[in-house]
Amino acid sequence: QVQLVDSGGGLAQAGGSLRLSCAASGRTRKGYTMGWFRPAPGKEREFVAAITWCGGNTYYADSVKGRFTISRDNAKTTLYLQMNSLKPEETAVYYCARKYSGSLYDRRDEYDYWGQGTQVTVSS
């Protein structure tokens, strides 16, 4: 029904930047929220950022506030995550995801579709 394709990962130095993209397709996106998640080694995927598709309301994990910016291009049906001032401990596979509108934007089990993930590596 819905397909999400992540891209834009790569190698950055500590303090550098990367911009991730997620192209979405499906029957409808009305009322959806989209977000980004990442797992630490040996851990479950955890919330990074989210945005409501129509209103553009944004939400961030405390650890990335002021450094990461989530945005979307309505015409292109694409989600973005601009990551600045990257830290080595933020090396991870980053996943985009979609959920229906609701307040639980930071819970991974609220999201029903996921991208395949894109690798972000931050060197020391």
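Shown above is the structure to which this text applies.
Before going into details, it helps to say that this report is about the structure given with it. Source: prediction; values computed, not measured. (Residues numbered from 1 in each chain as written. Predicted model: local features only at pLDDT ≥ 70, side-chain atom pairs only at ≥ 80, totals over all residues. Heavy atoms only, no water.)

1. Quick word on the state of the cysteines
Scanning all chains against the criterion turns up one disulfide. Free of any disulfide, C54 has its nearest cysteine sulfur in C22, 16 Å distant. The class of C54 is exposed, set by a relative accessible area of 56%. (Disulfide = S-S within 2.5 Å. Buried < 20%, exposed > 50% of the residue type's maximum accessible area, 1.4 Å probe, protein only.)

2. Let's talk about the pattern of salt bridges
Scanning the entire structure with this criterion turns up six salt bridges. Between R38 and E90 there is a salt bridge, with its nearest N and O atoms 3.5 Å apart. Note that R38 is positioned in strand 4 (residues 32-39) and E90 in the loop between strand 8 (78-83) and strand 9 (92-100), a separation of 52 residues in sequence. Measuring nitrogen to oxygen at the nearest pair gives 2.4 Å for the salt bridge that ties R67 to E90. (Salt bridge = Lys/Arg side-chain N within 4 Å of Asp/Glu carboxyl O. Helix = DSSP H or I, 4+ residues; strand = E, 2+ residues; numbered from the N terminus.)

3. Some thoughts on the nonpolar core
Counting residues in hydrophobic clusters, the biggest one holds 31 residues, and the most contacted among them are W36, V48, F68, L79, L81, M83 and Y94. For this core, the secondary-structure elements that each account for two or more residues are strand 3 (18-25), strand 4, strand 5 (45-52), strand 7 (68-73), strand 8, strand 9 and strand 11 (118-123). When residues in this core are grouped by element, the largest group, five residues, is from strand 5. If we skip the residues at most four places from it in the chain, F68 touches R38, V48, Y60, L81, Q82, M83, N84, L86, E90 and Y94. (Core = buried A, V, L, I, M, F, W, Y, C linked by side-chain atoms within 4.5 Å. Contact = heavy atoms within 4.5 Å.)

4. Points about the pairing of strand 5
Taken across its eight residues, strand 5 has six buried, putting it largely inside the fold. What sits between strand 4 and strand 5 in their antiparallel hairpin is a turn of five residues, with G42 showing a positive phi close to 75 degrees. The hairpin formed by strand 5 and strand 6 (residues 58-60) contains five residues between the paired strands, and G56 there has a positive phi angle of roughly 75 degrees. (Pairing = 2+ DSSP bridges.)

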